[in-house]
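Summary of the model geometry
Each chain, letter by letter, is given below.
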Amino acid sequence: MTTLPLGDLHGSLADPLLDAMTFLNEVTERYPDALSFAPGRPHEGFFEPEDVHTYLDTYLAHLAERGLSRGAVRTALFQYGPTKGIVADLVARTLANDEDIHVDPRALVLTVGAQEGMLLVLRALCATPEDVLLVSSPCYVGVTGAARLLDLTTVPVPEGPDGGPEPAAVRAAARAVRAAGRRPRALYVVPDFANPSGTSMPAAARAGLLEAAAEEGLLVIEDNPYGFFARTADPRPTLKALDGNRGRVVHLGSFAKTCFPGARLGYVVADQRVLAPDGRTTLLADELAKLKSMTTVNTPALSQAVIGGMLLRHDCRLRTANAPARAHYAANLAVLLRELERHFPVAERDRLGVSWNEPEGGFFAVLQVPFTADEAAMERCARDHGVLWTPMAPFYPAGGGERRLRLSISALSEDQIAAGTARLADFVRSAAS
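This one's a predicted model, so the numbers in the text were calculated from it and none came from an experiment.

So, about the layout of surface pockets. Within this model, the largest pocket holds a volume of roughly 1200 Å³. In this structure, the largest pocket is lined by 45 residues; those nearest its centre are Gly40, Arg41, Tyr140, Asn195 and Lys257. Of all the secondary structure elements, the ones that give two or more residues to the lining of the largest pocket are α1 (16-30), β1 (35-36), α5 (113-125), α6 (141-149) and β7 (249-254). Among the elements that line the lining of the largest pocket, the one with the most residues is α1, at six residues. In terms of residue class, the lining of the largest pocket is built from 27 nonpolar, 13 polar and five charged. Taken as a whole, the second largest pocket spans an internal volume of roughly 320 Å³. For the second largest pocket, the lining is made up of 19 residues, of which Phe46, Phe47, Tyr55, Cys259 and Met310 are closest to its centre. Those elements giving two or more residues to the lining of the second largest pocket turn out to be α2 (49-65) and α13 (323-343). In terms of residue count, α2 provides more of the lining of the second largest pocket than any other element does, four residues in total. Tallied by class, residues from the lining of the second largest pocket come to 13 nonpolar, three polar and three charged.

Below is the structure:
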């Protein structure tokens, strides 16, 4: 067999970031009986196999009601489709209803999950080696991984105490990049219940962030997978909604959490104007579609049809449809915070150096511990105490987070969270001693 030296392959394959996520999957398989706070996947109790057929039939009926012939429906479902997608009109209606984001469906690109959207946006925006992507830190590894695959430079902007990067820190990072002779191109941020930290940006900070981005000539790449899952019913406005028609925000969305991840359906809202040398103007979405045509060609019509049917069944109002899920995740997070409080009384947490944040929603919380919370510690915890979690260090692009771990409440029941927290508390005391 041919042997390929790793050094002859792309440098990202030797990046510890990619190894960290692979290790997490492997250790989960090795300890299948461990209670796992590791995965950020949705709770499966909301999924029923027969719903797939219902949603598909709903979408097919919708096409027929629009006057499409049987042959046209067959083509839409079975053939290669438009690169930008076939359900953009339904997604645009849903965004208007749920997020107060009002865009022409032509400004949307339906993608194979939000991850493809990240790749397309980064590839389009960062044109030269001098272009730099600013990222909030800690940061979702999907975007830093995508940047690594594309050989793009990332510069971290630390989260502020209230969540999200502070406007002053964004300005300082952009000016430092510019002083080094490079161009700060865009800022990636998850304003609501961020992965991994669970923090959310206050409303006033969102307006300030948009002002800072405008001053520094930055586009904001807003990723919004968790925005529906507040512990209260009052959502904060997305950056895209706050920006209105000024075109400073490229919005990434996903149906993985609000519908189901098996569809692998995401979208990009890219309504920015692009001016060609000959004077023609297009939408950034049109340019992203060119890139997509050379990657996945088009997003599977079957996935789009099923999600399209789900949107139709709920009158293009996913916030209402997700009310049971929101209540479930809010209750789970409340159980985690209550059990941490119970297992670590104030005197003991002060003695051990243990603390945690209290997110306002979403899937994640972060625990500060008095030891290095690395892969070896996670495996010991799984082996000896029957509970898994996620090390935080890989989420810090410039280093940090070595004594922090992420806890996800999304895939567990309340009883499992209570049992898992007790096991975790035993491990923390053991590791601290």
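Before going further, it helps to examine the packing of aromatic side chains. Throughout the structure, instances matching the rule amount to eleven aromatic pairs. Pairing Phe229 with Phe363 gives two aromatic rings, centres 5.5 Å apart and planes at 35 degrees, and the pair type is tilted. One end of the pair, Phe229, is in the loop between β6 (219-223) and α9 (239-243); the other, Phe363, is in the loop between β11 (355-356) and β12 (364-368), with 134 residues separating them in the sequence. The exposure classification of Phe229 matches that of Phe363, with both residues buried. Here the aromatic rings of Tyr329 and Phe363 are separated by 4.5 Å at their centres, their planes lie at 50 degrees, and the arrangement is tilted. Of the two residues, Tyr329 sits in helix α13 while Phe363 sits in the loop between β11 and β12, which places them 34 residues apart along the sequence. Comparing Tyr329 with Phe363, the two get one shared label, buried. Among the aromatic side chains, those forming a connected cluster through ring pairs are Tyr226, Phe229, Tyr329, Phe363 and Phe364. The ring centre of Phe344 lies 5.3 Å from the NZ or CZ of Arg429, which sits over that ring.

Procedures and definitions
Residues numbered from 1 in each chain as written. Predicted model: local features only at pLDDT ≥ 70, side-chain atom pairs only at ≥ 80, totals over all residues. Heavy atoms only, no water. 1 Å grid on protein atoms, 1.4 Å probe; cavity = no way out; pocket = protein on both sides within 12 Å on 5 of 7 lines; lining within 4 Å. Points joined across faces, edges and corners; volume = space filled by probe spheres on them. Helix = DSSP H or I, 4+ residues; strand = E, 2+ residues; numbered from the N terminus. Nonpolar A, V, L, I, M, F, W, Y, C, P; charged D, E, K, R; others polar. Phe/Tyr/Trp six-rings, centres within 6.5 Å; stacked < 30°, edge-to-face > 60°. Buried < 20%, exposed > 50% of the residue type's maximum accessible area, 1.4 Å probe, protein only. Lys NZ or Arg CZ within 6 Å of the ring centre and 35° of its normal.

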